[in-house]
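Residues per chain are reported as follows:
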Amino acid sequence: MKNRLFNVSAVLLALTILASCSDDPISMVKPYSVPSTYAFSNVNYTNATRRVKMTVEIDAYLKTANAGSAVVPLDGAKVNNMFANTNAPFADPSLNTSGINTKDLTADYALFKSYADSVLLYNTGANATPGTGGFIARGANKIIVGPHGLEYEQAFLKGVMGSLYFKEAVTLLTAVKSISATDTAAAQAKWDEAFGYLAVPANYDSAKTYSNADADRPLLWGGYLAERGKPIQAGGILFSAFIKGRAA
């Protein structure tokens, strides 16, 4: 019994000594504050935001084919230029001169580009039937589907959201772990770019309903989370996590 009491006392003493040591990892963490918005002195995620806006413009162009019941012609060369950012295809001049594109970072690019091309291919005015692509009425407008009912514009958009933006965000955040603890600028830069692919405002409010007229509204993943993830505040949870991680 004495031995047991001795062992317990020894363990308690050891824990007390460890807790009081000056090299305790918890006591070595420098204090920092967490802001309510993504506001940091050296933040820069301009290129991520530009790529998001490029995809938004490509998708908006493809969706013009859905307006009304008549055929709205689309230009295949323009679609190619928008992916590669050649020949100044975007309405936003800053995108045309940015020196970046969406093509180079999209995994399985050929597949998702083929979905965009298929919007043009089946934009014929013919009604879709089993085994034959074409139009399907949706209210006063229409959607374009393939022989098996795949809505190509949505296949393109959701595919690129995963194969570019989600993929790049995960790649960047994973890379932060391998950066030297002393190279905070490099870690911050990758973290910021990953945040840019979330595509929400720096002062994002997951409880707010943003209108399409709001220039500083959530886009792509941000918009999808605001719409589909609103009941569980999914966008707000991710936004908060990005802020906390950047502050740390």
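Heads up: the structure comes first, above all this text.
Residues numbered from 1 in each chain as written. Predicted model: local features only at pLDDT ≥ 70, side-chain atom pairs only at ≥ 80, totals over all residues. Heavy atoms only, no water.

**Side note on the pattern of salt bridges**
And step 1. Scanning all chains against the criterion turns up eight salt bridges.
And step 2. In this structure, Lys63 engages Glu153 in a salt bridge whose closest nitrogen and oxygen atoms are separated by 3.6 Å. With Lys63 in helix 3 (residues 46-63) and Glu153 in helix 7 (residues 152-176), this pair connects stretches of sequence that are 90 residues apart.
And step 3. A salt bridge links Asp214 to Lys208; its shortest N-O distance comes to 3.9 Å.
And step 4. On the basis of relative accessibility, which here comes to 39%, the residue Lys208 falls in the partly exposed class. (Salt bridge = Lys/Arg side-chain N within 4 Å of Asp/Glu carboxyl O. Helix = DSSP H or I, 4+ residues; strand = E, 2+ residues; numbered from the N terminus. Buried < 20%, exposed > 50% of the residue type's maximum accessible area, 1.4 Å probe, protein only.)

**Focus: helix 10 (residues 234-247)**
And step 1. Here helix 10 is 14 residues long and its end C-alpha atoms lie 20 Å apart, about the 20 Å a rise of 1.5 Å per residue gives.
And step 2. Looking at the buried side of helix 10, the elements it contacts are helix 7, helix 8 (184-198) and helix 9 (221-228). (Expected span 1.5 Å × (residues − 1). Contact = heavy atoms within 4.5 Å.)

**Some details on the pairing of strand 2 (residues 141-145)**
And step 1. Burial runs high along strand 2: four of the five residues are buried.
And step 2. Both strand 1 (residues 134-138) and strand 2 contribute to a ladder of five bridges, which runs antiparallel. In the strand pairing of strand 2, Ile136 is matched with Ile143.
And step 3. Once strand 1 ends, the chain turns through two residues before running back antiparallel as strand 2, passing Gly139 with a positive phi of about 65 degrees. (Pairing = 2+ DSSP bridges.)

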